[in-house]
Amino acid sequence: MKVYYPLKSNVELKEIKEALKPYGGRCAKIVDDTLEYQIKEEYQSVAYEFLKDKGYIN
């Protein structure tokens, strides 16, 4: 499934890609201050909480 989240600040895409690897995230990119990536549905909520806790997204 493809997800879109608004980014809080300018972060390195490489850093986000590394952070998403344990959750099966792939094809991450930043478009107009929005993080866009593909992830398996069963990992979506865990990855979302992780990104939020790390301060990457709102």
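Shown above is the structure to which this text applies.
Residues numbered from 1 in each chain as written. Predicted model: local features only at pLDDT ≥ 70, side-chain atom pairs only at ≥ 80, totals over all residues. Heavy atoms only, no water.

**What about the nonpolar core?**
In this structure, Leu20, Leu35, Tyr37, Leu51 and Ile57 are the most contacted members of the largest nonpolar core, which totals 15 residues. If you list the elements that add at least two residues to this core, you get β1 (2–6), α1 (13–20), β3 (34–38) and α2 (44–53). Here this core gets three residues from one element, more than from any other, and that element is α1. Excluding residues that lie within four positions of it along the chain, Leu20 makes contacts with Gly25, Ala28, Tyr37, Ala47 and Leu51. (Core = buried A, V, L, I, M, F, W, Y, C linked by side-chain atoms within 4.5 Å. Buried < 20%, exposed > 50% of the residue type's maximum accessible area, 1.4 Å probe, protein only. Helix = DSSP H or I, 4+ residues; strand = E, 2+ residues; numbered from the N terminus. Contact = heavy atoms within 4.5 Å.)

**Considerations on unusual backbone geometry**
Located in the positive-phi region is Cys27, a residue other than glycine, with phi close to 55 degrees. Along the polypeptide, Cys27 turns up in strand β2 (residues 26–31).

**Focus: the sheet that holds β3**
Within the open sheet, the three strands sit side by side as β1-β3-β2. Their pairing is antiparallel. Edge positions in the sheet fall to β1 and β2, since each has one partner strand and no second. The mean inter-strand angle of the sheet, taken between neighbouring strand axes irrespective of direction, is 15 degrees. One ladder, built from four bridges, connects β2 with β3; its direction is antiparallel. Pairing of Lys29 across the sheet is with Glu36, part of β3. (Pairing = 2+ DSSP bridges. Axes fitted to C-alpha atoms, helices over the stretch in contact; angles between N-to-C directions.)

**As for α1**
Residues of α1 that are buried: Ile16, Ala19 and Leu20. Seen along its axis, α1 keeps its buried residues to an arc of 95 degrees; they face one direction. Close packing links the buried residues of α1 with β2, β3 and α2. (Arc of directions from axis to C-beta.)

**Comments concerning the environment of Leu13**
If you trace the backbone, Leu13 turns up in helix α1. Using a relative accessible area of 27% as the deciding quantity, one classes Leu13 as partly exposed.

Shape is all these values report; function is a separate question.
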